[in-house]
Amino acid sequence: MPTSPSVSEIRDRLTVGGRIDRAQAKWLWENASDEDLQSLAGIVRDRYHQPNKASYMLMRIINYTNICVAKCDYCSFYRLPRQEGAYLRSKEYIYSKIDELTELGGELFAFNGGFNPELKIDYYEDLFSSIREKYGDHIEFYAMTVVELLYIARVSQISVPQALQRMKAAGVRWITGGGAEILADSFRLRHSPQKYTVAEYMQTQGEILEAGLKTTGTMVIGFDETVEERLDHLETVRAFQDTTGGGLFSFLCWTYKPYNNDLGGIEIPPGEYLRHLALCRIFLDNIRHIRTSVLTQNANALRGLRYGANDFDVPWEDEVTQAAGAIVERDVERVLGYAKEEGFELDYRHVALSPRLPVHLSK
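Residues numbered from 1 in each chain as written. Predicted model: local features only at pLDDT ≥ 70, side-chain atom pairs only at ≥ 80, totals over all residues. Heavy atoms only, no water.

A.B. asks: Looking at this model, I keep getting lost on the pairing of strand E1 (residues 53–62). Mind explaining?
C.D. replies: On a regular strand, one side chain projects to one face of the sheet and the next to the other, so that they alternate. Counting buried positions over the ten residues of E1 gives nine, a clear majority of the element. In this sheet, strand E9 (residues 345–348) lies alongside E1 in parallel orientation, the contact comprising four bridges. Looking across to E9, one finds that Tyr 56 is bridged to Tyr 348. In this structure, E1 lies alongside strand E8 (residues 311–315), joined through five bridges in parallel fashion. When the bridges of E8 are listed, Ser 55 appears paired with Asp 311. (Buried < 20%, exposed > 50% of the residue type's maximum accessible area, 1.4 Å probe, protein only. Helix = DSSP H or I, 4+ residues; strand = E, 2+ residues; numbered from the N terminus. Pairing = 2+ DSSP bridges.)

The structure is reproduced here in structure tokens:
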């Protein structure tokens, strides 16, 4: 019988640039102490980043519509078409959200809506081309999630590559890895059967890269997923990154908020998030940026810089997670102070090609 690994053996492997396999990852999760996970995650983090240095951004998620027919049981945000409270925001509303953040020195926006059957590809072409024309390269935006892209292409009766070319012509440069949640079909069948299979999701991410756009990796934990399903997710992401030669710019894991939805449940403890973050950093040794989630973890997220993360955003707004119980802390200096208390020197990470304003976050 194969013998169980030890922390010292895994440390030796990581120190010389090696990687762990799935069985070793599971063993670490079940047996390693918090201190061991911190130490091992630090070894992999140090391959890419200076110790005690981290980067951050100020970001706003703009929820332009809450109409969605996916009906995921863990979502507290969506409304069905013509249901009370359903909305589609105007361009003027969206511009006001952008203007508010740019006045603070922010430059990154992410659009998140859902599966709105009334919005075809031409709606997005008009919206994003208008934003790019108005703001140019002074801001950057994540146009939509992987699953939204897939849905928009299908409801518009065009292929994903065709949709991507039209988005690219409209000024889109980024699609985010949102909609991944847990990349295990067993999980998706239980909770989001209309949100596409793992194979469909990953094929779409590959098509994003082939179109010359950028994309990211994401994960959400704290539902009812098993350890094996979490490992399925990490294996899928690492294999994709190997195959594409580093196609994913970053990886962000956040936690499920169990309020005001059909699934319910109890939030996982802060320590479990940190342990999982460390495991992500150790296992995903081919992704440069591991990001920690201030949006769902607040001050605990900044402890995550000691568990392998190197980057975070200070969120200004996200109706999706706020509807499920997330608390957005808009005192930017206070959030940055949490990281500084952990002993980190911080650099603002610009994403716009031509940022217009200096960063004045104390304004």
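Right, picking up where we left off after that structure.
A.B. asks: So what exactly am I meant to see when it comes to the state of the cysteines here?
C.D. replies: Disulfides are covalent bonds that connect the sulfur atoms of two cysteines. With the rule as written, the count across this model stands at zero disulfides. Cysteine Cys 75 remains unbridged, with the sulfur of Cys 72 as its closest cysteine sulfur at 6.5 Å. Here Cys 280 is not disulfide-linked; the sulfur of Cys 253 is the nearest cysteine sulfur, at 5.0 Å. (Disulfide = S-S within 2.5 Å.)

A.B. asks: Explain the packing of helix H6 (residues 146–155) against helix H7 (residues 160–169) to me, please; I cannot follow it from the model alone.
C.D. replies: Two packed helices can be described by the angle between their axes and the distance between those axes. At their nearest, the axes of H6 and H7 sit 9 Å apart, and the two run at 105 degrees to each other. Of the possible angle classes, the one that applies to H6 and H7 is roughly perpendicular. Contacts from Leu 149, Leu 150 and Ala 153 in H6 reach Val 160, Ala 163 and Leu 164 in H7. Looking at the contact of H6 with H7 residue by residue, the class counts come to six nonpolar, no polar and no charged. (Axes fitted to C-alpha atoms, helices over the stretch in contact; angles between N-to-C directions. Parallel < 35°, antiparallel > 145°, perpendicular 65-115°, else oblique. Contact = heavy atoms within 4.5 Å. Nonpolar A, V, L, I, M, F, W, Y, C, P; charged D, E, K, R; others polar.)

A.B. asks: What is the right way to look at the pairing of strand E5 (residues 215–221) in this model?
C.D. replies: In terms of burial, E5 is largely enclosed, as seven of its seven residues are buried. Side chains of E5 alternate between two faces, with Thr 215, Gly 217, Met 219 and Ile 221 and Thr 216, Thr 218 and Val 220 buried alike. Taken together, the six bridges between E5 and strand E6 (residues 248–255) define a ladder with parallel strand orientation. Paired with Met 219 across the bridge in E6 is Cys 253. Crossover handedness for the path E5 to helix H10 (residues 227–244) to E6: right-handed. (Right-handed = clockwise from strand over helix to strand, strands pointing away.)

A.B. asks: Which parts of the structure should I look at to understand helix H9 (residues 198–210)?
C.D. replies: Note: α-helices contain 3.6 residues per turn, so residues at a spacing of three or four share the same orientation. For H9, spanning 13 residues, the distance from its first C-alpha to its last is 18 Å, which sits close to the expected 18 Å at 1.5 Å a residue. When we look at burial in H9, the residues that qualify are Val 198, Tyr 201, Met 202, Thr 204, Gln 205, Gly 206, Glu 207 and Ile 208. Two residues or fewer past H9, Gly 212 is found with a positive phi of approximately 90 degrees. (Expected span 1.5 Å × (residues − 1).)

A.B. asks: Even after reading the chapter, I still don't get the packing of helix H1 (residues 7–15) against helix H2 (residues 22–31), so can you show me in this structure?
C.D. replies: Contact pair H1 / H2: the axes reach a minimum separation of 11 Å and the direction vectors enclose 130 degrees. Put simply, H1 runs oblique to H2. Taken as a pair, H1 and H2 cross one another with a handedness that is left-handed. Counting all contacts with H1, which are made through Val 7, Ile 10 and Arg 13, the residues of H2 involved are Gln 24, Trp 27 and Leu 28. Counted by class, the contact of H1 with H2 contains four nonpolar, one polar and one charged residues. (Left-handed = near helix turned anticlockwise from the far one by under 90°.)

A.B. asks: I keep staring at the packing of aromatic side chains and nothing clicks. Help me out?
C.D. replies: To describe a pair of aromatic rings, you give the distance between the ring centres and the angle between the ring planes. Within the structure shown, the criterion is met by 20 aromatic pairs. Each ring, one from Phe 111 and one from Phe 128, has its centre 5.5 Å from the other, and the planes form 65 degrees; the classification is edge-to-face. Of the two residues, Phe 111 sits in strand E2 (residues 108–111) while Phe 128 sits in helix H5 (residues 121–135), which places them 17 residues apart along the sequence. Using a relative accessible area of 2% as the deciding quantity, one classes Phe 111 as buried. The exposure class of Phe 128 is buried, given its relative accessible area of 0%. Here the aromatic rings of Phe 111 and Phe 141 are separated by 6.0 Å at their centres, their planes lie at 85 degrees, and the arrangement is edge-to-face. Placement of Phe 111 in strand E2 and of Phe 141 in strand E3 (residues 140–145) is noted, with a sequence separation of 30 residues between them. Residue classification places Phe 141 among the buried residues on the basis of a relative accessible area of 1%. Lying across the ring of Tyr 93, Arg 89 places its NZ or CZ 4.5 Å from the centre. The ring of Trp 29 has Arg 275 sitting right over it, with the charged end atom 5.4 Å from the ring centre. (Phe/Tyr/Trp six-rings, centres within 6.5 Å; stacked < 30°, edge-to-face > 60°. Lys NZ or Arg CZ within 6 Å of the ring centre and 35° of its normal.)

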